[in-house]
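# What the coordinates show
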Amino acid sequence: MTTSRSRSSDVETTAPPPAPWPRRIRFLRLGPVSLKIDLLATAVTVVLVVATALIALWSLGISTTSSPNLGLGEIFRVLAGLQSGSAADRVVAAAPAVIVAVLGGISLALSGAIFQTVTRNPLGSPDIIGFTTGAYTGALVAMLVFGLGSAGTTVGALIGCLATGVAVYFLGMRGGTGNYRFIVVGIGISAMLVSFNGYLVATADVQNAGSAAAWGMGNLRDLTMSETVPVFVVLAILLPVLAVVTPRMRMFELGADSAQSKGVDTGRTELLLLVVGVGFAAATTSVAGPIAFVALVAPQLAARLTPSAGIPLVTSAAVGATLLVSSDAIARTVLAPTTQLPVGVVTTALGGVYLLFLLMAQARKARL
């Protein structure tokens, strides 16, 4: 009688080794914390930071009158306290606008990066989904209805931005109704607010209407150092919060369902990110008015400048700072000494050029 015996295979199978990280990726261990560093993204960010610093220094010496611009040497001497007089007065007068341009660019870019990551849509930007329009509504109510001053206008803009964020969230995202609906609801609310804003400006007296219209274009002129405080405070509070919630936000890059399958409380995380994103947008808008396209363009440019799979937050912040401080410098020089453009005019023009380029690139890709 023959018997058959099954034997386990002598061939040993092993799992394939994990794919190696690209050479540009390095890991930095600080005690129990391990940080992944992309050398290319870091290099791009450093270049942007240096460019922002140089443009900001040059902007401090820009003359909006017939007098010549200050040289970098004079600016350094003023900053070091070695020179006074008219040069120091000009630097002090220009400093608030330059500070808000740098910090505001960072704030707007981070707001856009948050919403574009959560919605997985490049149109997920506070100026598209109505948050900055809501801030303008709050400022107009404070300015034209209640007759409040600059401090009241700042508070009104902040309240308007936050109220619009709450309305968009409850109508467009609460209950998992979808990111597409979130954007559509935001665009719809923005359209209604634009109509209401137009009514407020049209029914105001000429002087107040002119001031309101100028503020609504995004303006860094005539700022004081006290008006830079809200931007400082908001960044100091929200940047640590964003650092803590970023790992959970990254899970949304593959969709809310994928994030939920990995243990992320998507509802609570979305609400927290909404508060942080609206706070970043409100910080700048409440001081300088609704500055268009920075939040929309900066994260997309950062994603194209780096090989990152998602939107890199640090590089987005650097792009936003460079973009806004450059736009402010252009606004103050392109028609000088005749007049000074609102910075929102320049950012809108640059944003329109970017969108045109993006549409042309998409059309070429579709033909291939």
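As a reminder, the structure under discussion sits directly above these lines.
Report on the accompanying structure. Just so it is clear, the model here is predicted, and its values are computed rather than measured.

### A short note on the overall build of the protein chain
Counting its regular elements, the protein chain contains 13 helices and 2 strands. Considering the protein chain as a whole, with its 368 residues, one finds that 45% of them fall into the buried category. The long-range fraction of contacts in the protein chain, counting pairs at least 24 apart against all pairs at least 6 apart in sequence, stands at 71%. A total of about 19,000 Å² of accessible surface is found on the protein chain, and carbon and sulfur atoms cover 67% of it.

### A closer look at the layout of surface pockets
It is a probe the size of a water molecule, rolled over the atoms, that shows where empty space is left. Empty space within the second largest pocket amounts to approximately 380 Å³. Lining the second largest pocket are 19 residues, with Ser150, Trp215, Arg221, Glu227 and Val287 positioned closest to its centre. Broken down by element, the residue count for the lining of the second largest pocket peaks at 4 residues, all from helix H7 (residues 206–216). Taken together, the residues that form the lining of the second largest pocket break down as 7 nonpolar, 9 polar and 3 charged.

### So, the packing of aromatic side chains
Using the criterion set out here, one finds 4 aromatic pairs in the structure. Their ring planes at 55° and their centres at 5.2 Å tell us that Phe115 and Phe131 sit as a pair that is tilted. Note that Phe115 is positioned in helix H3 (residues 86–119) and Phe131 in helix H4 (residues 131–145), a separation of 16 residues in sequence. The exposure classification of Phe115 matches that of Phe131, with both residues buried. Ring geometry for Phe115 versus Phe182: centroids 6.4 Å apart, planes at 25°, classification stacked. A residue pair is termed long-range when its members are at least 10 positions apart, and Phe115 in helix H3 and Phe182 in helix H6 (residues 179–202) qualify at 67 residues. In this structure, Phe115 and Phe182 share a single accessibility class: buried. Chaining the aromatic ring pairs together yields one cluster made of Phe115, Phe131 and Phe182.

### Points about a nonpolar patch on the surface
On the surface, a nonpolar cluster with roughly 410 Å² of combined accessible area is contributed by Trp58, Leu72, Phe76 and Leu79. Ranked by the residues each element gives to the nonpolar patch, the list is headed by helix H2 (residues 72–79), at 3 residues. Position of Leu79 among the secondary structure elements: in helix H2.

### A few points about the environment of Val297
As for its placement among the helices and strands, Val297 is situated in helix H11 (residues 294–305). Given a relative accessible area of 5%, Val297 falls into the buried group. Between the C-alpha atoms of Val297 and Ala113, which are 184 residues apart in sequence, the distance is 9.6 Å. When near neighbours in sequence (up to four residues on either side) are disregarded, Val297 contacts Leu323, Gly351 and Tyr354.

### Considerations on unusual backbone geometry
One non-glycine residue, Arg120, adopts positive backbone phi at about 55°. Structurally, Arg120 can be placed in the loop between H3 and H4. Even without glycine at this site, Phe293 takes up a positive phi of about 75°. Mapped onto the secondary structure, Phe293 falls in the loop between helix H10 (266–288) and H11.

### Some words on the pattern of salt bridges
Across all of its chains, the model carries 1 salt bridge by this definition. Between Asp328 and Arg332 there is a salt bridge whose closest N-O contact spans 3.4 Å. Of this pair, Asp328 and Arg332 both sit in helix H12 (residues 313–333), 4 residues apart, roughly one helical turn. With relative accessibility at 5%, the residue Arg332 sits in the buried group.

### Details of helix H8 (residues 229–250)
In this model, H8 (22 residues) spans 30 Å end to end at C-alpha, consistent with the 32 Å of a helix rising 1.5 Å per residue. Its maximal kink placed at Val244, H8 deviates by approximately 40°, while the proline Pro247 follows within four residues. Taken as a whole, H8 has its buried residues at Val231, Leu235, Leu238, Leu242, Val245, Thr246 and Met249. For H8, the elements touching its buried residues are H3, H10 and H12.

### Quick word on the nonpolar core
The nonpolar side chains of a soluble globular protein tend to be buried, and buried together. Leu60, Ile114, Leu220, Leu242, Phe280 and Ile291 are the most contacted members of the largest nonpolar core, which has 54 residues in total. The set of elements that each furnish at least two residues to this core consists of helix H1 (39–60), H2, H3, H8, H10, H11, H12 and helix H13 (343–367). The contacts of Ile291, once residues within four sequence positions are left out, are Leu108, Gly218, Thr284, Leu324, Val343 and Thr347. Membership of the second largest hydrophobic core comes to 24 residues, among which are Ile129, Ala139, Ile189 and Val278.

### Some thoughts on the packing of H3 against H6
Two elements in contact, H3 and H6, have axes whose closest approach is 9 Å; the angle formed by their N-to-C orientations is 135°. As judged from the angle between their axes, H3 and H6 are oblique. Of H6, the residues touching H3 (which contributes Phe115, Val118 and Thr119) are Asn179, Phe182 and Ile183. A per-class count over the contact of H3 with H6 returns 4 nonpolar, 2 polar and no charged.

What counts as what
- The residue numbers shown here count from 1 along each chain, following its written sequence.
- Only residues with pLDDT of 70 or above have their local features reported here, since the model is predicted, and side-chain atom pairs are shown and tallied only from 80 upward, although totals for entire chains, interfaces and linings are computed over all residues.
- As a rule here, side-chain values come from all non-hydrogen atoms in the structure, and water together with hydrogens is ignored.
- Strands here mean DSSP runs of E at least two residues long; helices mean DSSP runs of H or I at least four residues long; both are numbered from the N terminus.
- Burial here depends on accessible area, computed with a 1.4 Å probe over protein chains only, as a share of the maximum for the residue type. Under 20% is buried, over 50% is exposed, and the range in between is partly exposed.
- Only heavy atoms enter the contact rule, under which two residues are in contact if any of them lie within 4.5 Å.
- Under the convention used here, a 1.4 Å probe and the Shrake-Rupley method define accessible areas, while residue burial counts only the protein chains that appear.
- Both cavities and pockets are sets of points on a 1 Å grid over the protein atoms alone; in a cavity a 1.4 Å probe fits but cannot get out, in a pocket the set is open with protein on both sides within 12 Å along at least five of seven lines, and lining residues sit with an atom within 4 Å of a point.
- Grid points are joined across faces, edges and corners, and a volume is the space filled by probe spheres set on the points.
- Under the grouping applied here, Gly and all other residues not named as nonpolar or charged are polar, the nonpolar ones being Ala, Val, Leu, Ile, Met, Phe, Trp, Tyr, Cys and Pro and the charged ones Asp, Glu, Lys and Arg.
- A pair of aromatic rings is counted whenever rings of Phe, Tyr or Trp (Trp by its six-membered ring) have centres within 6.5 Å, and the orientation is called stacked for planes under 30 degrees apart, edge-to-face for over 60 and tilted otherwise.
- Any residue with relative accessible area above 30% and no salt bridge may belong to a patch, with like charges joined within 9 Å and the nonpolar Val, Leu, Ile, Met, Phe, Trp and Tyr side chains within 5 Å.
- Salt bridge, as applied in this entry: a Lys or Arg side-chain nitrogen positioned within 4 Å of an Asp or Glu carboxyl oxygen.
- An expected span of 1.5 Å times one less than the residue number is assigned to each helix.
- The angle between axes fitted to the seven residues ending at a residue and the seven residues starting there is what we call the bend at that residue.
- Here, the term nonpolar core denotes a set of buried Ala, Val, Leu, Ile, Met, Phe, Trp, Tyr and Cys residues that are joined through side-chain atoms within 4.5 Å.
- To define axes, lines are fitted to C-alpha atoms, for helices over the stretch in contact only, and angles between the resulting N-to-C directions are given on a 0 to 180 degree scale.
- Each angle is binned into one of four classes, with values under 35 degrees roughly parallel, values over 145 roughly antiparallel, values of 65 to 115 roughly perpendicular, and all other values oblique.

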